Amino acid sequence: MYVVGMTYHQHGERALVAAMLKGVAAAAVGLILATAVQLGKRSLPHGYDLIFTGATVIGVNRLHFSVLTVLICVGLVAILWYSPGRLRKEGLANHE
Amino acid sequence: MNEVPALIRVFAYLSLLTIGGGMAAFPELKILSVDVHHWLTYQQLVHLYSVGQMAPGPNMMMIVSIGEWVGGIIGALVVVAAFFGPTALLALCAGRLWKRLEAWPWRASIQQGLAPVSIGLLLAGCFTLAKGAVHDLTTATISVSALLVLLRYKVNPALLIMAGAIIGAIEFYQA
């Protein structure tokens, strides 16, 4: 990656390289989205999980809170939501 | 060279945000490296991430290049240590602690609670990247096609990355 980065530093301004990287970056977005969808299917079994996922995205991308703030706030609420009592009561304990 | 302390600070902090993967720290990486320290432009960051997709190893190895641009070889080494050191140490300690806490009732709560948040952080990183990567019909088509192909078929992602590069080149020659 060190060499690749240095090569990009030297030749990244070339129009052809920039055009190719434009395509690569767009493909990378699709790739990450696919990873998120596949992970979501596997690890988000409950509908209300989407509320926490949505709140995280809105907090970072729309409200521009720092990742740390969102992680602590939404993470804490989500953990409290899944309190041991609720997990027991609703039989939600995860399939580990 | 005088940027080295800032590199350590920034990447050690980013390291602790990588819940669910390096991409979780991407929005903060953009703010700190582009908006606050001006080490590179947003477009360069997006390009570096894209280049990282083509190189072997974790995607976030692209941070090595940021370190090299800012502080030479020392900067590159410092960034690797600052970014991977704390998170490796944390993973080691958390892993050991996690085993000991097997009977702790909140263990399952933490696992279930952090799962949607980590996926949210991954998506937030993805949208931050998309803001700089998807800006016309061609790039939107490439992104959606890559998404649909990956959800439908088992394809090596490197092939899709290569296809993106080829489409970009074809568009360049047609313009």
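Residues numbered from 1 in each chain as written. Chains lettered and ligands numbered in written order. Predicted model: local features only at pLDDT ≥ 70, side-chain atom pairs only at ≥ 80, totals over all residues.

## Regarding the overall build of chain B
Point 1. A tally of regular secondary structure across chain B gives seven helices and zero strands.
Point 2. Looking at chain B as a whole, 47% of its 175 residues qualify as buried.
Point 3. Across chain B, contacts joining residues at least 24 apart in sequence account for 59% of those joining residues at least 6 apart. (Helix = DSSP H or I, 4+ residues; strand = E, 2+ residues; numbered from the N terminus. Buried ≥ 20, exposed ≤ 12 C-beta atoms within 10 Å, placed from the backbone. Contact = placed C-beta atoms within 7 Å.)

## Notes on the interface of chain A and chain B
Point 1. Contacts between the two partners involve 55 residues from chain A and, on the opposite side, 70 residues from chain B.
Point 2. No other element matches helix 2 (residues 15-43) of chain A, which puts 24 residues into the side of chain A that touches chain B.

## A look at the confidence of the model for chain B
Residues and elements named next belong to chain B.
Point 1. Per-residue pLDDT for chain B has a mean of 89; in total, 99% of the residues score no lower than 70.
Point 2. At the low end of the mean pLDDT range in chain B sits helix 3 (residues 42-54), at 84; at the high end sits helix 6 (residues 137-152), at 94.
Point 3. The complex model carries a pTM of 0.87, and its ipTM stands at 0.87. (pLDDT = per-residue confidence, 0-100.)

## Remarks on the nonpolar core
Point 1. Core analysis: the biggest nonpolar cluster contains 75 residues, and A:Ala28, A:Val29, A:Ile32, B:Val79, B:Cys126 and B:Leu129 have the highest contact counts within it.
Point 2. Ranked by residue count, the leading element in this core is helix 2 of chain A, at 14 residues.
Point 3. Viewed by domain, this core spans two of them, domain 1 (1-43) and domain 2 (45-96) of chain A, each represented by three or more residues.
Point 4. Beyond its immediate chain neighbours, meaning those up to four positions away, A:Ala28 contacts B:Tyr49, B:Ser50, B:Gln53, B:Leu129, B:Ala133 and B:Ile161. (Core = buried A, V, L, I, M, F, W, Y, C linked by C-beta atoms within 7 Å. Domains from an automatic or database assignment.)

## Some words on helix 3 (residues 49-62) of chain A
Point 1. The terminal C-alpha atoms of helix 3 of chain A lie 19 Å apart, and with 14 residues this matches the ideal 20 Å at 1.5 Å per residue to within 8%.
Point 2. Considered for burial, the residues of helix 3 of chain A that qualify are A:Asp49, A:Phe52, A:Thr53, A:Thr56, A:Val57, A:Gly59, A:Val60 and A:Asn61.
Point 3. Looking at the buried side of helix 3 of chain A, the elements it contacts are helix 4 (67-81) of chain A together with helix 2 (26-36) and helix 5 (106-133) of chain B.
Point 4. Immediately downstream of helix 3 of chain A, the backbone of A:His64 shows phi near 55°, a positive value. (Expected span 1.5 Å × (residues − 1).)

## Details of the domain arrangement of chain A
Point 1. Segmenting chain A into domains produces domain 1 (1-43) and domain 2 (45-96).
Point 2. Here the C-alpha centre of domain 2 of chain A lies 29 Å away from the C-alpha centre of domain 1 of chain A.

## A short note on helix 4 of chain A
Point 1. Between the first and last C-alpha of helix 4 of chain A there are 20 Å, a value that for 15 residues agrees with the 21 Å anticipated at 1.5 Å per step.
Point 2. Those residues of helix 4 of chain A that fall on the buried side of the exposure criterion are A:Val67, A:Val70, A:Leu71, A:Val74, A:Gly75 and A:Ala78. Down the axis of helix 4 of chain A, the buried side of the element spans an arc of 110°, and every buried residue falls inside it. Exposed side chains of helix 4 of chain A directed beyond 90 degrees from the buried face belong to A:Thr69, A:Leu76 and A:Leu80.
Point 3. Contacts made by the buried residues of helix 4 of chain A are with helix 3 of chain A together with helix 2 and helix 5 of chain B. (Arc of directions from axis to C-beta.)

## Here we look at the packing of helix 2 of chain A against helix 7 (residues 157-174) of chain B
Point 1. In the contact formed by helix 2 of chain A and helix 7 of chain B, the axes pass within 7 Å of each other and the chain directions differ by 140°. If you check the angle between helix 2 of chain A and helix 7 of chain B, you find them oblique. In the packing of helix 2 of chain A onto helix 7 of chain B, the handedness of the crossing is right-handed. Residues A:Ala15, A:Leu16, A:Ala19, A:Met20, A:Leu21, A:Lys22, A:Gly23, A:Val24, A:Ala26, A:Ala27, A:Ala28 and A:Leu31 of helix 2 of chain A form the contact with helix 7 of chain B, whose participating residues are B:Pro157, B:Leu160, B:Ile161, B:Ala163, B:Gly164, B:Ala165, B:Ile167, B:Gly168, B:Ala169, B:Glu171 and B:Phe172. (Axes fitted to C-alpha atoms, helices over the stretch in contact; angles between N-to-C directions. Parallel < 35°, antiparallel > 145°, perpendicular 65-115°, else oblique. Left-handed = near helix turned anticlockwise from the far one by under 90°.)

## Side note on unusual backbone geometry
Point 1. Its identity as a non-glycine residue notwithstanding, A:His64 has a phi of 55°, on the positive side.
Point 2. Topologically, A:His64 is positioned in the loop between helix 3 and helix 4.
Point 3. Unlike most non-glycine residues, B:His38 shows phi in positive territory, near 55°.
Point 4. Checked against the element boundaries, B:His38 lands in the loop between helix 2 and helix 3.
Point 5. With 8 C-beta atoms counted inside 10 Å, the residue B:His38 sits in the exposed group.

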